[in-house]
Every structure is written in structure tokens, then in C-alpha cells.
Amino acid sequence: MTFVRSIRSICRMSKYSGTNLASLTPADVKLWLDSFDTVLTDCDGVIWVENNPLPGATDVVNRFLSTGKKLFFVTNNSTKTRPEFVEKATKLGFNVTIENIISTAYLAAQYLKNLSFTKTVYVIGSSGITKELDAVGIRHIGTGPDTLTGTLAEAVSGFVPDPDVGAVIVGFDEHFSFMKMLKAASYLNNPDVIFIATNTDERFPTPDRVIPGTGSIVQAVITCAERQPIVMGKPNAHICEIIRKEYDVDPGRTLMIGDRCNTDILLGKNCDFQTLLVETGIHNATDVQKFATSDDPAIRALVPDVYLAKLGDLLAYM
């Protein structure tokens, strides 16, 4: 895509612009960089892949911090606590602290804390969730393997619901099973039990495999519980409110960076942030062009304001 307008036009043009940032002049990119004070960035596929930082990403993030911009890692990953994210990030060279991390496990625990929740949580998930619950003094049960043994009738009759369970949290759980689904749905049959999902990411594609994401697990529980959850993660409104209220950001001067249009970029749109897609993860320029030509407004909403091959390409302009 070509772009021949000034940066002031960028600020006024449609949210569904889909502009290649590399097509701008260096001066226009600099003006764009000056148009935001706060940076929110996804992690996997944007700044690192597994335990490897993406080229130039560490330098760009640290440059944002050194120039005084607020910066937050915003991740749908519920398998780690905020301290664990900090440990990983600092090992990879990112100059961040716990105050720079917003994770769905943390948001779920804070949500219950803010409700003055005093009961027990049934957790489909991992220690990332339970450690965040421990940090705010909330009891929990359910993590770890829970498989069907014996007959289904024996399993059903042998399950005695804990009367103190007042919430169910569903996150990524490699031990997800029929028994966990049965128990979660049984607790959620009580309309007073709170239903929380950390996120609804569908899957994690690899070159020759597909790893089911949290959304696949959440949808299974939704189906049998016949209830909809409160979703903590991107792109849902709850995280927008947390970011705006807790971190005092100006939406118009905030940038959301991501690799996935239906979570990261849509979060930016839902929060009225500026948006940047990097092509080092799920979506790329071809997807942007396809979304932009759709007749469906919901699909066009997935188009970022600007896109770039990789985050590290910004370093030349900083």
C-alpha cells in the first residue's frame, strides 16, 4: 500500500487505514512516534518467540522506556505470574519490572479481589492463576490432572461438589479433561457462581501441528454450562477499563502493538488506541489487505492503523 499524506493526516484518517509504516518518510515516522506517550505490547510473536527475543525488539522496548514512554506487556498467557514474566523478560534483556506487566491471571485475581470475594475458586488452569490467587489470599481447588477412572456413572456419583466454591476460572490447562468439564459445569449450574475466562485465543499454530488455545477449553465449558464468562483478556472491554483507570492513560496517545488482529489490534480499537501490527506472528500484510476489502464491518475492524515487518525495524527511527 502507498501513502503520500502527512503525519497529521494519519492522525485524522480512518482507523481502518492499514498503512505500511515502512512506506512513510523517516520524518513522518518520527512524528508518528511522537504521537503516543504509552505503549502496550503483546509478547509472543511481537517481542519474543518462546525463549528467544525477536531481532531488535529488546532495543526498541528499552528505547521506549529510556525516552520516558509508559510501557506495558499485555499478554493473554495465563500460565505465568507477573513475577515469572519479569524473570523471563529480564533474562532476555528487557528493562522491565512487575509494574510493566499486565497478564490475564493477574487480572482475574484482581477482579475477584475487587469484589471482596471470600469463597473458593475452582480453577481449570495452571499455577500462573493459582499463584496470583494466592497473592490476594483467595482459596482455590482443581489444578493438576483429573481423569476419568472407572465408569462415568461411578465418576458422577463420586463427585461431591465443594459447597464453598463461588467462582470458576478457566485458563490454559494442558490437563483439561472430561472430569474438569463436568465439575466446572456443575458449579456453574448455580447462577450465583462467577464464571471467568482468562482469554479466548483459539489456537497456537506451528508449522505442522495445531495446539488448542484457551478459547477451545473455554468454549467447551460454555457449551455444557450454558453460560457466558466474563473474559479478562484481549480484546475484551474489561482490560480496557483496567488500563484506562489503573494506569491513567490517554487513549488518543496510546499505542497497542500486536501480531494478532483479532485480539491485539481489536483491543486497540475497542480502547480507542492507535494500533501497530508486526508481521512476526499470526497475521501479516496479506491478511490486512483481505480484512480491508471485506464487506463486514466486524472484519474491517481488524485492520491496524499501521503495520511493519518486525518491531525491530522501528529502531532506525528512534
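The following refers to the structure shown. Note that this is a predicted model, so its numbers are computed, not measured.

**A look at the environment of phenylalanine 172**
Inference 1: Counting through the fold element by element, phenylalanine 172 comes out in the loop between β9 (165-170) and α8 (178-188).
Inference 2: The sequence separation of phenylalanine 172 and isoleucine 98 amounts to 74 residues, and the corresponding C-alpha distance is 22 Å.
Inference 3: When sequence neighbours within four positions are dropped, the list of residues in contact with phenylalanine 172 reads Ser78, Thr79, Gly125, Ser126, Thr198, Phe204, Pro212, Gly213, Thr214 and Ile217.

**Comments concerning the environment of isoleucine 242**
Inference 1: Its location among the elements puts isoleucine 242 in helix α10 (residues 237-247).
Inference 2: Judged by relative accessible area, isoleucine 242 falls into the buried class, the value being 16%.
Inference 3: When the C-alpha positions of isoleucine 242 and proline 229 are compared, they lie 18 Å apart, and in sequence the two are 13 residues distant.

**A word on the pattern of salt bridges**
Inference 1: Per the stated rule, a full pass over the model turns up 16 salt bridges.
Inference 2: For aspartate 173, the salt bridge identified is with lysine 180, shortest N-O distance 2.7 Å.
Inference 3: Of the residues examined, lysine 180 reaches a relative accessible area of 0% and is grouped as buried.
Inference 4: Here glutamate 241 and arginine 244 are joined by a salt bridge, their closest N and O atoms 3.8 Å apart. Residue glutamate 241 and its partner arginine 244 are located together in helix α10, separated by three residues, close to a single helical turn.
Inference 5: Accessibility expressed as a relative area gives 27% for arginine 244, which makes it partly exposed.
Inference 6: Connected through salt bridges with shared partners, the residues Glu241, Arg244, Lys245 and Asp272 form a single ionic network.

**Considerations on the state of the cysteines**
Here, the word disulfide means a covalent bond between the sulfur atoms of two cysteines.
Inference 1: Counted according to the given criterion, the structure contains one disulfide.
Inference 2: Between the sulfur of cysteine 240 and that of cysteine 271 lies a disulfide, 2.0 Å long from S to S. An S-S torsion of about -90° defines the bridge between cysteine 240 and cysteine 271 as left-handed. You can see cysteine 240 sitting in helix α10 and its partner cysteine 271 sitting in helix α11 (residues 261-271), a full 31 residues away along the chain.

**Focus: the sheet that holds strand β7 (residues 120-124)**
Remark on secondary structure: sheet strands pair via backbone hydrogen bonds, oriented parallel or antiparallel.
Inference 1: Read from one edge of the open sheet, five strands run β8-β7-β9-β10-β13, paired in parallel fashion. This sheet does not close on itself; its edge strands, each paired only once, are β8 (139-141) and β13 (230-231).
Inference 2: One ladder, built from four bridges, connects β9 with strand β10 (residues 194-197); its direction is parallel. Looking across to β10, one finds that valine 170 is bridged to alanine 197.

**Thoughts on unusual backbone geometry**
Inference 1: A cis amide bond links lysine 234 with the next residue in sequence, proline 235, at an omega value of 5°.
Inference 2: Mapped onto the secondary structure, proline 235 falls in the loop between β13 and α10.
Inference 3: Phi is positive for glutamate 226, close to 55°, though the residue is something other than glycine.
Inference 4: Mapped onto the elements of the fold, glutamate 226 is located in the loop between α9 (214-225) and β13.
Inference 5: With a phi angle near 50°, aspartate 248 is a residue other than glycine that sits in the positive phi range.
Inference 6: Secondary-structure assignment places aspartate 248 in the loop between α10 and β14 (254-258).

Calculation rules
- Residues numbered from 1 in each chain as written.
- Predicted model: local features only at pLDDT ≥ 70, side-chain atom pairs only at ≥ 80, totals over all residues.
- Heavy atoms only, no water.
- Helix = DSSP H or I, 4+ residues; strand = E, 2+ residues; numbered from the N terminus.
- Contact = heavy atoms within 4.5 Å.
- Buried < 20%, exposed > 50% of the residue type's maximum accessible area, 1.4 Å probe, protein only.
- Salt bridge = Lys/Arg side-chain N within 4 Å of Asp/Glu carboxyl O.
- Disulfide = S-S within 2.5 Å.
- Pairing = 2+ DSSP bridges.

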